[in-house]
Amino acid sequence: MNRYPLWKYVIVGLALVFGLIYTLPNFFGESPAVQVSSAKATIKIDDRVRERVASALQSAAIADSGIFLDSNGVKVRLATTDQQLQAKDVLEKQFNPDPGDPQYVVALNLLSSSPRWLTSLHALPMYLGLDLRGGVHFLLQVDMKGAVTKRLDALGGDLRSLLRDRNIRHAGISREGERIVIRFRDGETRNKARIVLEDNQSELLLADQGDGDDLRLVGTLRPEAIKRIQEFAIKQNMTTLHNRINELGVAEPVIAQQGADRIVVQLPGVQDTAKAKDILGRTATLEIRMVEETPGAIEAALAGQVPFGTELYVERGGMPLLVKKQVVLTGDRLTDAQPGFDNQTSEPAVHLTLDSAGARIFKDVTRDNVGKRMAIVLIEKGKGEVITAPVIRAEIAGGRVQISGRMSTVEANDTALLLRAGSLAAPMEIIEERTIGPSLGAENIRKGFHSTMWGFAAIAVFMIAYYQLFGVVSVVALAANLLFLVALLSLLQATLTLPGIAAIALTLGMAIDANVLINERIREELRNGSTPQAAIHTGYERAFGTILDSNITTLIAGVALLIFGSGPVRGFAVVHCLGILTSLFSAVVVSRAMINLIYGRRRKLESLAIGQVWKPTDGSTTTAR
């Protein structure tokens, strides 16, 4: 009657082993480390960088506990925080001799001290929140003028295509400051253009200027359009930050607007601070511009006299290149970017797909500039680099564009990923960065641990004193519940905050309630005259329905907090909901397995060690044991 089949005991045993393995990493702590990663998409981290790190530390007589290379960069494990700070200074000087143009990100980090066999099983410690372990705090400044300028550049391309489609000739379209200037040779053409633009571009306020052969139509953005663009820039940048932070696996990031043009980003419990700074700081966008090929222009630029309306760049091969400032097409028109290979040369390439407007613009530009060079510029952290500058051989239609030339497979993959990650509606820069150390949360950790420990001890004393052997089984099941809960939080790499510790303490109190219901139900069956074996079987069977109902109603409340809550409330809800699920398994399955092992094989069972069974009907008492 009270015997489990072997497979149930195997499941319970495997669950306990699983809980133990994935809970263990939380007891090994972390060791200080320094991480070196790339600050630019075009700079790769490989074994040569690792060797440079080892050589620099050896020259400075700084002993390390291990140097290894992973997908995020080169990490150096050190023994003390003093060595960590010394190593950071040494590596900063070695890898970034020009502080104004850093090529690498050298940042402090923390690495798990778990043994390799645990790490190989992906058993990692759970993250601790900003209030327990610290984290990273960024304040980002959004360039609102840059958002308006970016929109004006895009409008310039749209106006050029619109007038071409309507067969309206103009003498040039350019952006001058915060306005778009369209030049015409006669008044009749200007009037036609004005009618077309008023019907199709409601964002612009148009005004006539000039006389004679120099007739101009000047467009400025309406105030409501500027406000809408700036609001969109904030929202779009916050959405992009959310997408980028998802790559870090942060469970409870805080991304909030501060004032009219600032965004606060808090990454509680993030270990890879270098990766966080790198992803947030990247503002890579793609721009397509025409190359200035006027004879003598490049020589004048190299002599220090850069022609008006152009910029001097350096190609990847090191050759100087003079590029026009006017942007033909931006990355906003991209719908997809995938790495691949050139069909003709088999070289690594990036295949871009443009939207309908971008495809039309690109078709017009390539048709009008056959035989000329077109530069594809990747702008990252405010600095541009010419990826390639191919010669336009023929008109390119269909919206499919290929970037290739002097590019490795890894560079093609990284460039495609960076362009797909979501462009920023406006440039941003980090104006404040704080790394919050663990000392602030040490007291909270101590108090939270002590409250959970003393709460568990008080429950254990009461259960053992009141229910004897069944109380011991209940306490073991409660310990298994705590083991499962911590293991799940570690496996999910959740961020534990102070409200999360409160949820663990609450889960212990709620979990023991299920064992109380089971034990009291068994006592009731004994009072009604059932045999001990029948009392165990009936007690567990009938108590399960009550336990399930009470936990489902509590789970509904927890799910509501999870859906509608945010920040600390959401952290509480995650631990609370997981605790309910683990308590159901531990209180019913684990405790039943232990009772079956103790009593299940005893055919002639006369009593149960479940404390005193009271019979209030006749005033007498009967001891179950």
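Keep in mind that this is a model prediction, so the values were computed, not measured. (Residues numbered from 1 in each chain as written. Predicted model: local features only at pLDDT ≥ 70, side-chain atom pairs only at ≥ 80, totals over all residues. Heavy atoms only, no water.)

So, about the packing of aromatic side chains. Per the counting criterion, the structure on display carries seven aromatic pairs. Their ring planes at 65° and their centres at 5.7 Å tell us that tyrosine 4 and tyrosine 9 sit as a pair that is edge-to-face. Ring geometry for tyrosine 466 and tyrosine 467: centres 4.9 Å apart, planes at 85°, overall edge-to-face. With a relative accessible area of 36%, tyrosine 466 lands in the partly exposed category. Owing to a relative accessible area of 2%, tyrosine 467 belongs among the buried residues under this scheme. Members of the aromatic cluster, connected to one another through ring pairs, are Phe462, Tyr466 and Tyr467. Its end group placed over the ring of tyrosine 466, arginine 523 keeps NZ or CZ at 4.6 Å from the ring centre. (Phe/Tyr/Trp six-rings, centres within 6.5 Å; stacked < 30°, edge-to-face > 60°. Buried < 20%, exposed > 50% of the residue type's maximum accessible area, 1.4 Å probe, protein only. Lys NZ or Arg CZ within 6 Å of the ring centre and 35° of its normal.)

As a further point, take the sheet that holds strand β2 (residues 66-70). The four strands are arranged β2-β3-β1-β4 in an open sheet whose pairing can be described as antiparallel. At either margin of the open sheet sits one strand with a lone partner, and together these are β2 and β4 (104-112). Mean inter-strand twist for the sheet, computed between neighbouring axes without regard to direction, equals 25°. In terms of strand pairing, β2 meets strand β3 (residues 73-77) through five bridges, oriented antiparallel. (Pairing = 2+ DSSP bridges. Helix = DSSP H or I, 4+ residues; strand = E, 2+ residues; numbered from the N terminus. Axes fitted to C-alpha atoms, helices over the stretch in contact; angles between N-to-C directions.)

Pairing is antiparallel across the open sheet formed by four strands, whose spatial order is β7-β8-β10-β9. One side of each edge strand has no neighbouring strand; the edge strands of this open sheet are β7 (172-176) and β9 (204-211). Direction aside, the axes of adjacent strands within the sheet are offset by 25° on average. Summarising the sheet, strand β8 (residues 179-184) and strand β10 (residues 214-221) pair through six bridges and their orientation is antiparallel. Residue pairing across strands places phenylalanine 184 opposite leucine 215, the latter belonging to β10. Together, β8, β9 and β10 form the strand contacts of helix α6 (residues 187-200), whose direction differs from that of β9 by roughly 175°. (Contact = heavy atoms within 4.5 Å.)

It is worth spelling out the nonpolar core at this point. If you look at the biggest cluster of nonpolar residues, it comprises 38 residues, and the most contacted ones within it are Ile182, Leu197, Leu241, Ile263 and Val265. No other element matches the eight residues that helix α5 (residues 144-165) contributes to this core. In contact with isoleucine 182, other than residues within four places in its own chain, are Leu159, Leu163, His170, Gly172, Ile173, Leu197, Leu215, Arg216 and Leu217. Core analysis: the second largest hydrophobic core is formed by 28 residues, Ala460, Ile512, Ala535 and Leu605 among them. (Core = buried A, V, L, I, M, F, W, Y, C linked by side-chain atoms within 4.5 Å.)

Quick look at empty space enclosed by the protein now. Tallied over the entire structure, the rule returns three cavities of 30 Å³ or more. The calculated volume of the largest cavity comes to roughly 80 Å³. Along the walls of the largest cavity sit Asp153, Ala154, Gly157, Val327, Val328, Leu329, Thr330, Arg333 and Ile361, which together make up its complete lining. Listed by contribution, the elements that provide at least two residues to the lining of the largest cavity are α5 and β15 (320-330). Ranked by the residues each element gives to the lining of the largest cavity, the list is headed by β15, at four residues. Split into classes, the residues belonging to the lining of the largest cavity amount to five nonpolar, two polar and two charged. In this structure, the lining of the largest cavity is formed jointly by two domains, domain 3 (135-281 + 424-435) and domain 4 (284-409), each of which donates at least three residues. (1 Å grid on protein atoms, 1.4 Å probe; cavity = no way out; pocket = protein on both sides within 12 Å on 5 of 7 lines; lining within 4 Å. Points joined across faces, edges and corners; volume = space filled by probe spheres on them. Nonpolar A, V, L, I, M, F, W, Y, C, P; charged D, E, K, R; others polar. Domains from an automatic or database assignment.)

Quick look at the packing of α5 against helix α10 (residues 356-368) now. Packing of α5 against α10 brings their axes to within 10 Å, and their N-to-C directions diverge by 75°. When the axis of α5 is compared with that of α10, the two are roughly perpendicular. Taken together, the residues of α10 that come into contact with α5 (itself represented by Gly157, Asp158, Ser161, Arg164 and Asp165) are Arg360, Ile361, Asp364, Arg367 and Asp368. Looking at the contact of α5 with α10 residue by residue, the class counts come to one nonpolar, two polar and seven charged. (Parallel < 35°, antiparallel > 145°, perpendicular 65-115°, else oblique.)

Relative to the elements of secondary structure, threonine 507 occurs in helix α13 (residues 498-527). Every residue in contact with threonine 507, bar those within four places of it in the chain, is listed here: Asn481, Leu485, Val575, His576 and Gly579.

This chain's UniProt record puts "transmembrane region" (unreviewed entry) on residues 448-467, 543-565 and 571-595. With 100% helix and 0% strand, the stretch residues 448-467 has end C-alpha atoms that lie 28 Å from each other. End C-alpha atoms of residues 543-565 are separated by 32 Å, and the span's content is 96% helix alongside 0% strand. (UniProt positions renumbered as here; feature names shortened; annotations may be inferred.)

Let's shift gears to the confidence of the model for the chain. Mean pLDDT over the chain stands at 81; residues scoring 70 or higher make up 88%. Within the chain, strand β24 (residues 621-623) has the poorest average pLDDT of any element, 44, and helix α1 (residues 6-23) the best, 92. Here residues 618-623 scores under 50 on pLDDT; set against residues more than four positions off or in separate chains, the count is eight contacts. (pLDDT = per-residue confidence, 0-100.)

Following both chains from N to C, one finds α1 and helix α15 (residues 568-599) inclined at 120°, their axes separated by 11 Å at the closest point. Viewed along their axes, α1 and α15 adopt a mutual orientation that is oblique. You can see that α1 and α15 cross each other, and the crossing is left-handed. Taken together, the residues of α15 that come into contact with α1 (itself represented by Tyr9, Val12 and Ala15) are Phe585, Val589, Val590, Ala593, Asn596 and Leu597. In terms of residue class, the contact of α1 with α15 is made up of eight nonpolar, one polar and no charged. (Left-handed = near helix turned anticlockwise from the far one by under 90°.)

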